[in-house]
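Structural overview for review
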Amino acid sequence: MTASRTTLCLALLACTHFFAFSFPAAAQKYPERNVRLIVAFPTGAAQILGLLVADKLGAALGQPVVADFRPGAGGNLAAELAAKTPADGHTLLLTSPSLAISPSLYKKLNYDTMRDFSAVSLLSTVPNVFVIHPSVPAKNIHELVKLARTHPGKLSFGSGGVGSSNHLAGELFKSLAKVNIVHVPYKGASIALTHILGGEAEMVMVTVPATIPFINSGRLRGLAVLVPERVPTVPNVPTTAEAGMPELVINTWYGLFAPTGVRPEIIQRINAEVVKFMHAPEVKAMLAKSGLVPATNTPAEFNDYLRADIEKWARVIHEAKISVQ
């Protein structure tokens, strides 16, 4: 081999090594500054998870992760803000099923859920439970369906507002059971629960932690938890499958997203760190006190999970003819 050909081969080999290792090297430099964590809701599970992720992810990445709580428009304000940020991994979004519900609920959004976001990981789920006021003469879902069919339009269910997950859960139940039950919207799920306790509406589907003292005291009757397995904090409440309505499965979830365009190696790094700390024994114990269940997955799995949720709620919203301006 001539000297010139040897020089050319060495140059090509050097280029190959440069392109092979430049991207991982860039990923190792991430993050280069503070990471902004936009959190869609300022209270409850979202607040707990927002502060937890900011603390643990910041420690793992070696740069501060700052929780920026941006409530408003049912989570859409935070989503719109996150969608418009540079796709460099220095802005993340922590949100809920609102990201899956909004595309079908609102006639106009300033973002596109599947186009503008990259799924990073599911963080946690909160099981929901179907509760009724004890004055309702139904001991289980079968008896409730029979009662509703006998008295169409006489029973009512509360929710945290039009388009809320409680509302859509009620509409899904109506569709599956083929019953006419009146929707009564309130300004928040906690307010709806208070009115159910007062007997102003007969039933609601809300998170298990919010109902534990009322189920245990008999002030509310738990008909079914809306998850595949029984929940330890309300062990005597059957699952919807056990109650004869296996399609009524509704988990409230919280997950982490990045704007579309963030390099895959950065997404993978954040995912790996999240999976690690979310399943640490001390974190699991802390979350359990608030009724939160760690539930991480891969970016691809979370993307599929989100897509399935969008399709599920689109069917419910279309059938119930729900729309929010």
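Residues numbered from 1 in each chain as written. Predicted model: local features only at pLDDT ≥ 70, side-chain atom pairs only at ≥ 80, totals over all residues. Heavy atoms only, no water.

What about the overall build of the protein chain?
Looking only at helices and strands, one finds 12 helices and 10 strands in the protein chain. The buried share of the protein chain, reckoned over its 325 residues, is 48%. About 15,400 Å² of surface is accessible on the protein chain, with carbon and sulfur atoms providing 58% of the total. Of the charged side chains in the protein chain, 29 are positive and 22 negative; the average position of the first set lies 3 Å away from that of the second. (Helix = DSSP H or I, 4+ residues; strand = E, 2+ residues; numbered from the N terminus. Buried < 20%, exposed > 50% of the residue type's maximum accessible area, 1.4 Å probe, protein only. Areas by Shrake-Rupley, 256 points an atom, 1.4 Å probe, with all protein chains shown as cover. Lys, Arg positive; Asp, Glu negative; His and termini not counted. Charge placed at Lys NZ, Arg CZ, Asp CG, Glu CD.)

A few points about the pairing of strand β8 (residues 221–225)
Among the 5 residues of β8, 5 are classified as buried, and the element is accordingly described as predominantly covered. Bridge analysis of strand β4 (residues 117–132) against β8 gives 4 bridges, and the strand direction is antiparallel. When the sheet's bridge partners are listed, I132 is paired in β8 with R221. (Pairing = 2+ DSSP bridges.)

Let's talk about the packing of aromatic side chains
Under the counting rule described, the total for this entry stands at 8 aromatic pairs. Seen from their ring centres, F130 and F173 are 5.0 Å apart, and the 80° between their planes marks the pair as edge-to-face. Taken together, the residues span a long stretch of sequence, with F130 in strand β4 and F173 in helix α7 (residues 165–177) at a distance of 43 residues. A residue is classified by how much of its surface remains accessible, and F130, at 1% relative accessible area, is buried. Exposure remark for F173: the relative accessible area of 2% places this residue in the buried category. Each ring, one from W253 and one from Y305, has its centre 6.1 Å from the other, and the planes form 85°; the classification is edge-to-face. Of the two residues, W253 sits in strand β9 (residues 251–259) while Y305 sits in helix α12 (residues 299–320), which places them 52 residues apart along the sequence. (Phe/Tyr/Trp six-rings, centres within 6.5 Å; stacked < 30°, edge-to-face > 60°.)

Details of the environment of S164
As for its position among the elements, S164 is in the loop between β5 (156–159) and α7. The exposure class of S164 is buried, given its relative accessible area of 16%. Residues S164 and Y186, spaced 22 residues apart in sequence, show a C-alpha to C-alpha distance of 10.0 Å. For S164, the side chain forms a polar contact with the main-chain oxygen of G161, separated by 2.7 Å. (Polar contact = N/O pair within 3.5 Å; in protein donor to acceptor, adjacent residues only side chain to side chain.)

Some remarks on the pairing of strand β3 (residues 91–95)
Here β3 lies mainly inside the structure; 5 of its 5 residues are buried. Taking every second residue as pointing to the same face, both faces of β3 are buried, with T91, L93 and T95 on one and L92 and L94 on the other. Direction of pairing for strand β1 (residues 35–39) relative to β3: parallel, over a ladder of 4 bridges. Within β3, the residue paired with I38 across the bridge is L93. As paired strands, β3 and β9 are joined by 3 bridges and run antiparallel to one another. Within the sheet, the bridge partner assigned to L93 lies in β9 and is F257.

Overview of unusual backbone geometry
Of all residues except glycine, most have a negative phi; of all peptide bonds, most are trans. Cis geometry is found at the peptide bond from Y30 to P31, where omega equals -10°. Take P31: it is sitting in the loop between α1 (3–29) and β1. The phi torsion at A73 lies on the positive side, around 55°, for a residue other than glycine. Mapped onto the elements of the fold, A73 is located in the loop between β2 (65–69) and α3 (76–83). Despite not being glycine, K178 shows a phi value in the positive range, around 55°.

Quick look at the pattern of salt bridges
For the coordinates displayed, the defined rule picks out 9 salt bridges. Linking R70 and D68 is a salt bridge whose minimum nitrogen-to-oxygen distance equals 3.0 Å. Here E171 ties to K174 by a salt bridge, and the two come within 3.5 Å at their closest N and O atoms. Placement of both E171 and K174 in helix α7 is noted, with a separation of 3 residues, approximately one turn of the helix. Note on E171: relative accessible area 11%, which makes it buried. It is possible to trace a salt-bridge network through shared partners that takes in R36, D68 and R70. (Salt bridge = Lys/Arg side-chain N within 4 Å of Asp/Glu carboxyl O.)

Some words on the nonpolar core
Membership of the largest hydrophobic core comes to 34 residues, with the highest contact counts inside it found for F130, L144, F173 and L248. If you list the elements that add at least two residues to this core, you get α4 (98–105), β4, α6 (141–150), α7, β7 (203–207), β8 and α12. Residues in contact with F130, not counting those within four places in the same chain, are I141, L144, F173, M203, V204, M205, R221, G222, L223, A224, L226 and L248. Grouped together as the second largest cluster of nonpolar side chains are 32 residues, A46, L52, A258 and F277 included. (Core = buried A, V, L, I, M, F, W, Y, C linked by side-chain atoms within 4.5 Å. Contact = heavy atoms within 4.5 Å.)

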